[in-house]
Amino acid sequence: MKIVQFCLKNPLVLNLLTALIIFMGIYQTIAMNKEAFPAINFDVVAIRTIYPGATPKEVELYVTDLIEDEIRSLDGLEKVTSASIEGMSSILVYLDPDRSEDDKIKTTNNIQRAVDRVQDLPDELLNPPTIRDVNSGDMPVLEVALTGDIPYKDLHRHADAIKDLLEEIDDVQDVILTGYRDKEFWVEVKPRQLNRYSVGLDFVMGRLASRNVNLPGGVLKTDKGDSLVRTVGEFSTKEALEDMILRSNDAGIAIRLKDVADVKQTFEEERTMFRTNQKPSINLLVNKKASGDIITAVDEVKVVTDDYLKRHSDAALEAAYINDISFFVRNRLEVLLNNSIVGIILVLIALLLFLSRGIAMVTAVGMPIAFLATLAVMGYMDMTINLI
């Protein structure tokens with residue numbers, strides 16, 4: 001009763017408080033992020049290693065077992081599971097759910113350091129082992145299927161360009177390419193030429209392996225500080241590879257790779273076929289940042305992609321937007337808004353049947369104010385509007 005009496009005696013304060021609630025509610029409704037689902041951390045750390053061309057037994061022996069042996073002794077783990085398949089090692093580390101969030105973060109950092117300490121991993125690994133937390137935010141919010149009646153090398157080039165543009169969007173975390181084949185060089189040796197120059201196949205393979213390198217060279221200490229030294233000798237063009245010297249003599253006569261082999265620049269073998277509208281395609285999976293808005297992110301991705309297609313309209317390039325998760329979020333928000341309006345109207349009609357017009361109107365106005373107050377509190381608690 002004291003609150004009611006205070007409000008009756010101080011209507012100006014009540015009106016200002018009501019206006020403040022309405023303003024903060026509308027502001028937080030606009031500013032609050034929209035999500036498909038709330039971000040959930042599953043307390044799982046995934047370690048993925050690519051070992052091209054290796055059998056499952058080789059992957060297990062030379063990669064999986066070495067990493068598992070290094071991380072099993074760490075504190076704060078519940079269990080470790082692994083899968084070794086052709087060309088890839090996948091390890092899932094389950095964190096102890098009873099630990100605090102700070103302890104889980106420390107354990108994740110310890111896992112990273114433990115993997116970095118692993119010795120004797122094969123030199124043929126595509127990249128060092130990748131480590132990431134598994135959470136609900138890893139699900140892509142949109143898939144851009146890039147296709148067209150153009151050669152694959154042109155499609156490959158456009159996919160790289162669009163990927164770079166999309167990753168510059170503030171709400172986009174990263175873009176993953178699927179149906180994308182990396183560039184590679186094929187070296188087809190000529191047996192007759194090998195015999196002519198007395199060069200063996202093993203010798204050619206050894207020279208290629210020793211010249212096509214990208215290795216750390218240590219630290220150079222100077223008066224101005226330490227500088228990291230790296231040996232970069234990877235071939236980036238067909239011409240550079242063809243001109244690689246296999247052997248030379250004191251007279252300056254050299255045998256080059258093009259003398260004993262044909263070099264072709266192509267793409268890696270297609271293991272999975274991607275088709276959109278019956279045409280070969282490269283798909284770009286767009287992942288949103290945890291702090292980003294799903295509707296804003298998807299709209300910006302479409303704007304950037306459409307703008308690129310307009311600027312390259314002569315390339316017969318097409319883009320299809322599939323698996324758009326924001327579609328469901330938009331539908332739910334529309335349902336929420338429509339239900340709110342219909343609900344307020346029905347309540348107002350019911351109140352008018354039993355109460356005077358003034359009391360009914362004041363009571364009905366209290367409903368949206370209550371909703372806006374709730375949304376204002378949700379915004380300040382860093383909550384999101386999602387399907388749940």
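Just so it is clear, the structure is predicted and the values come from calculations on it, not from any experiment.

Asks: Can you help me understand helix α2 (residues 11-31) in this one?
Replies: Residue pairs spaced three or four apart in an α-helix point in one direction, given the helix's 3.6 residues per turn. Taking 1.5 Å as the rise per residue, α2 with 21 residues should run 30 Å; its terminal C-alpha atoms sit 30 Å apart, in good agreement. Where α2 is concerned, the buried positions are Met24, Gly25 and Gln28. When α2 is viewed along its axis, its buried side chains cluster within an angular range of 105 degrees and face the same direction. Facing away from the buried side of α2, by more than 90 degrees, are the exposed residues Leu12, Leu16, Phe23 and Ile30. Tucked into the core, α2 has its buried residues touching α12 (357-380).

Asks: Explain the confidence of the model for the chain here, please?
Replies: The predicted coordinates ought not to be read in detail in places where the model reports low pLDDT. In the predicted model, the chain carries a mean pLDDT of 83, and the fraction of residues at 70 or more is 94%. When mean pLDDT is taken per element in the chain, helix α10 (residues 294-311) scores highest with 92 and strand β9 (residues 225-232) scores lowest with 59.

Asks: Before we go on, may I ask you to explain unusual backbone geometry in this structure?
Replies: The phi dihedral of asparagine 277 is positive, around 55 degrees, even though this residue is not glycine. Counting through the fold element by element, asparagine 277 comes out in the loop between β13 (275-276) and β14 (279-288). Phi at asparagine 323 is positive, roughly 50 degrees, even though this residue is not glycine. Taking the relative accessible area as the measure of exposure, asparagine 323 reaches 52% and is therefore exposed.

Asks: I tried to follow the sheet that holds strand β4 (residues 130-135) on my own but got confused; where do I start?
Replies: Strands belonging to one sheet form pairs held by backbone hydrogen bonds; the direction of such a pair is parallel or antiparallel. Reading across the sheet, the four strands line up as β2-β3-β1-β4 and stay open at both edges, with antiparallel pairing between neighbours. Each edge of the open sheet is held by one strand with a lone partner, namely β2 (77-85) and β4. Looking at each pair of strands side by side, their axes are set apart by 20 degrees on average, direction ignored. Both strand β1 (residues 41-50) and strand β3 (residues 88-95) contribute to a ladder of seven bridges, which runs antiparallel. Bridge pairing in β3 links isoleucine 47 to isoleucine 91. Lying on the sheet, helix α3 (residues 56-71) is in contact with β1, β2 and β3; it crosses β2 at an angle near 165 degrees.

Asks: Can you walk me through the pattern of salt bridges in this structure?
Replies: Charged atoms that come close allow side chains of opposite charge to pair. A complete count under the given rule lists 15 salt bridges for this structure. Between lysine 104 and aspartate 43 there is a salt bridge, with its nearest N and O atoms 2.8 Å apart. Placement of lysine 104 in helix α4 (residues 101-117) and of aspartate 43 in strand β1 is noted, with a sequence separation of 61 residues between them. Aspartate 43 matches lysine 104 in its accessibility class, with the two residues each being buried.

Here is what the cut-offs are and how they apply
Positions within a chain are numbered from 1, following the residues in the order the chain's sequence is written. Local features are withheld for residues below a pLDDT of 70 in this predicted model, meaning they are given only at 70 or higher, and side-chain atom pairs are given and counted only at 80 or more; totals for whole chains, interfaces and linings count all residues. Hydrogens and water are ignored here; the side-chain numbers use all heavy atoms of the structure. A run of DSSP states H or I qualifies as a helix once it reaches four residues; a run of E qualifies as a strand once it reaches two. Both are numbered from the N-terminal end. Under the convention used throughout, the expected extent of a helix is 1.5 Å for every residue step, that is, one less than its residue count. Categorising residues by exposure relies on relative accessible area from a 1.4 Å probe, with only protein chains included: less than 20% of the type maximum marks a residue as buried, more than 50% marks it as exposed, and the intermediate range marks it as partly exposed. For this quantity, the arc is that covered by the directions from the helix axis to the C-beta atoms. We call two residues in contact whenever any of their non-hydrogen atoms come within 4.5 Å of each other. Every residue carries a pLDDT, the predictor's confidence in it, which falls somewhere between 0 and 100. For two strands to be treated as a pair, DSSP must find no fewer than two bridges joining them. Fitted lines through C-alpha atoms serve as axes, helices being fitted only where they are in contact, and the angles separating the N-to-C directions of these axes extend from 0 to 180 degrees. We count a salt bridge whenever a side-chain nitrogen from Lys or Arg sits within 4 Å of a carboxyl oxygen from Asp or Glu.

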